[in-house]
Amino acid sequence: MKTSSITTLVVNTTTYFFKDTTELIDFKEKRIDLYEYARYGNPTTMALEEKISVLEGAESTLVMASGMYASNVMLLALVPTNGHIVATKDCYKETRIFMENFLTKLGITVTFIDSDDIAGLQTLVNNHEVSLFFTESPTNPFLRCVDIKLVSKICHRRGTLVCIDATIATPINQKTLALGADLVHHSATKYIGGHNDFLAGSISGSMELVSKIRNLHKLLGGTLNPNAAYLLIRGMKTMHLRVRQQNSTGMKMAQVLEAHPKVSRVYYLGLPSHPEHLIAKRQMTGIGGLISFEIDGDLKTTIKFIDALKIPYLAASFGGCESLVDQLATGIWDIPREERLKDGFQDNLVRFSFGIEDFEDIKADVLQALETI
């Protein structure tokens, strides 16, 4: 669609017409490229997909209604009945639920390993027919990362696909496909969109793999609304500026927190104390604005700290312009405490997503809140 508009046009339509039957048949026989129905494609959405592909260095990208939907469709499209998945133990809770409670109905089995268990991954792909290795890198909330080059090399020797959820890394801080992964997944709701005002997900990779996912997506119908696609395109224009600020604030606040006597532990890949610091240093150009840390105290002490903060919103997401904070124990209060502790979610664990506010303002707010406990 040619236009002199500076901004991408939003095409709000469910269906497209053909000028005559000859054009319709030419389209059906793939002699011409046109749009037919919104579930199959939209000019605004296609423009977004092309932009993400350029950012990721991908042949193709598919954008969908949410990050959760995107990962689920990818799994359903690429893992055959009775296939096997290897994933990391600290993957997104609801992705793990989908794997354990739904994919098992299709005969698909899943093995969960620690992020740093390279020997375990090697044993699994060598001794089993593993269809896919799927992990976040970095993970949420402990910000573990995998050596993407190494795991890709191990998996590809045995024909195992590698999909990395790089939502926390962003396409700015990490070129996931260039490191060797077959696919990169994003909850575009987070850093790519960056304004906390829509849901979206994306999968980027080769034309062959993304086409397989696209074919199933057309059947399941989790289509991204073109208005949300426009908001995502708008958000991408400032992503490098937002992420640069969040990288800076995140690094400086991690150092402040690690040095504070009322903080017992900080999880941030930019700190030398993090076990995967050197891996992150090799494969990332920035670490981002998401930090997890443990208050030197119990549940009530941590609640007191959280409630004393003035700038961040108490909310369970990350990657937007506004700073958000949540105490993991209260955020997943519906899960029994014994299960939370088993997964490492101590009562004093805090996740802080730093936005684009002035660093000195954020620092002052965090320090005053720590002084209340």
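Analysis parameters
- Residues numbered from 1 in each chain as written.
- Predicted model: local features only at pLDDT ≥ 70, side-chain atom pairs only at ≥ 80, totals over all residues.
- Heavy atoms only, no water.
- Helix = DSSP H or I, 4+ residues; strand = E, 2+ residues; numbered from the N terminus.
- Expected span 1.5 Å × (residues − 1).
- Buried < 20%, exposed > 50% of the residue type's maximum accessible area, 1.4 Å probe, protein only.
- Contact = heavy atoms within 4.5 Å.
- Polar contact = N/O pair within 3.5 Å; in protein donor to acceptor, adjacent residues only side chain to side chain.
- UniProt positions renumbered as here; feature names shortened; annotations may be inferred.
- Salt bridge = Lys/Arg side-chain N within 4 Å of Asp/Glu carboxyl O.
- Axes fitted to C-alpha atoms, helices over the stretch in contact; angles between N-to-C directions.
- Parallel < 35°, antiparallel > 145°, perpendicular 65-115°, else oblique.
- Nonpolar A, V, L, I, M, F, W, Y, C, P; charged D, E, K, R; others polar.
- Domains from an automatic or database assignment.
- Buried area = accessible area lost by both parts, 1.4 Å probe.
- Phe/Tyr/Trp six-rings, centres within 6.5 Å; stacked < 30°, edge-to-face > 60°.
- Lys NZ or Arg CZ within 6 Å of the ring centre and 35° of its normal.

J.: In this structure, what is going on with helix 2 (residues 43-56)? I would like to understand it.
T.: An α-helix turns once every 3.6 residues. As a result, residues three or four positions apart point the same way. The end-to-end C-alpha separation of helix 2 is 20 Å, in line with the 20 Å expected for 14 residues at 1.5 Å each. For helix 2, the complete set of buried residues consists of Pro43, Thr44, Thr45, Ala47, Leu48, Glu49, Ile52, Ser53 and Glu56. Where helix 2 is buried, its residues contact strand 1 (60-64), helix 7 (170-173), strand 6 (183-187), strand 7 (201-205), helix 8 (207-220) and helix 9 (226-237). The N-capping residue of helix 2, defined by a side-chain oxygen 2.8 Å from the backbone nitrogen of threonine 44, is asparagine 42. Glycine 57, located one to two residues past helix 2, shows a positive phi value of around 65°.

J.: Hey, could you run me through the UniProt feature "modified residue: N6-(pyridoxal phosphate)lysine" (unreviewed entry) in the protein in this one?
T.: The UniProt feature table records "modified residue: N6-(pyridoxal phosphate)lysine" (unreviewed entry) at Lys190. Examined against the element boundaries, lysine 190 turns out to sit in the loop between strand 6 and strand 7. Setting aside residues up to four positions removed in sequence, lysine 190 forms contacts with Thr167, Ser317, Phe318 and Gly319.

J.: For this particular structure, what's the right way to read the pattern of salt bridges?
T.: Scanning the model with the defined rule gives 13 salt bridges in all. With a shortest N-O distance of 3.4 Å, aspartate 116 and arginine 144 are connected by a salt bridge. Of the two residues, aspartate 116 is situated in the loop between strand 3 (109-113) and helix 5 (118-127) and arginine 144 in the loop between strand 4 (132-136) and helix 6 (148-157); the sequence distance between them amounts to 28 residues. Taking relative accessible area as the criterion, arginine 144 reaches 21% and is therefore assigned partly exposed. Between glutamate 276 and arginine 144 there is a salt bridge, with the nearest N and O atoms lying 2.6 Å from each other. One end of the pair, glutamate 276, is in the loop between strand 8 (263-267) and helix 11 (277-283); the other, arginine 144, is in the loop between strand 4 and helix 6, and 132 residues separate them in sequence. Here the residues in one salt-bridge network are Asp26, Glu29 and Arg31, joined through shared partners.

J.: Mind showing me how you'd approach unusual backbone geometry here?
T.: Most peptide bonds take the trans form, and the phi angle of most residues other than glycine is negative. Proline 138 follows serine 137 through a cis peptide bond whose omega is 0°. Residue placement: proline 138 occurs in the loop between strand 4 and helix 6. Of note, lysine 30 is a non-glycine position whose phi angle comes to about 65°, a positive value. Within the secondary structure, lysine 30 sits in the loop between helix 1 (21-28) and helix 2. Phi at asparagine 82 is positive, roughly 70°, even though this residue is not glycine.

J.: I keep staring at the packing of helix 3 (residues 67-78) against helix 8 and nothing clicks. Help me out?
T.: The relative placement of two packed helices is expressed as an angle between their axes plus a distance between the axes. Relative orientation of the contacting elements helix 3 and helix 8 amounts to 110°, with a least axis distance of 9 Å. The angle between the axes of helix 3 and helix 8 places the two elements in the roughly perpendicular class. Here helix 3 contributes Tyr69, Val73, Met74, Leu76, Ala77 and Leu78 to the contact with helix 8, which in turn contributes Leu209, Lys212, Ile213, Leu216, His217 and Leu220. Looking at side-chain class alone, the contact of helix 3 with helix 8 contains 10 nonpolar, 1 polar and 1 charged residues.

J.: Explain the domain arrangement of the protein to me, please; I cannot follow it from the model alone.
T.: The accessible area lost on association of the parts is a frequent measure of interface size. By the assigned domains, the protein splits into domain 1 (21-234) and domain 2 (240-372). In this structure, domain 1 and domain 2 have C-alpha centres spaced 27 Å apart. On the domain 2 side, the residues contacting the 28 residues of domain 1 number 39 residues. In this assembly, domain 1 packs against domain 2 so that about 2700 Å² is buried in total across both faces, 57% of it on carbon and sulfur atoms. Contact with domain 2 buries area across many residues of domain 1, yet Phe142, Asn173 and Tyr191 alone supply 28% of it, more than any other trio. The interface formed by domain 1 and domain 2 contains 2 salt bridges.

J.: Even after reading the chapter, I still don't get the packing of aromatic side chains, so can you show me in this structure?
T.: Geometry of an aromatic ring pair is reported as the spacing of the ring centres plus the angle between the planes. Applying the stated criterion across every chain, the model contains 9 aromatic pairs. Considering the side-chain rings of phenylalanine 18 and phenylalanine 27, the 5.4 Å spacing of their centres and the 40° angle between planes classify their relative orientation as tilted. This pair shows no difference in class: phenylalanine 18 is buried, exactly as phenylalanine 27 is. Between phenylalanine 142 and tyrosine 267, the ring centres sit 5.0 Å apart and the planes meet at 70°, which makes this aromatic pair edge-to-face. Taken together, the residues phenylalanine 142 in the loop between strand 4 and helix 6 and tyrosine 267 in strand 8 connect sequence positions 125 residues apart. Assigned by exposure class, phenylalanine 142 and tyrosine 267 land together as buried. These aromatic residues form a ring-pair network of at least three members: Phe142, Tyr267 and Phe345. The ring centre of phenylalanine 318 lies 5.4 Å from the NZ or CZ of lysine 190, which sits over that ring.

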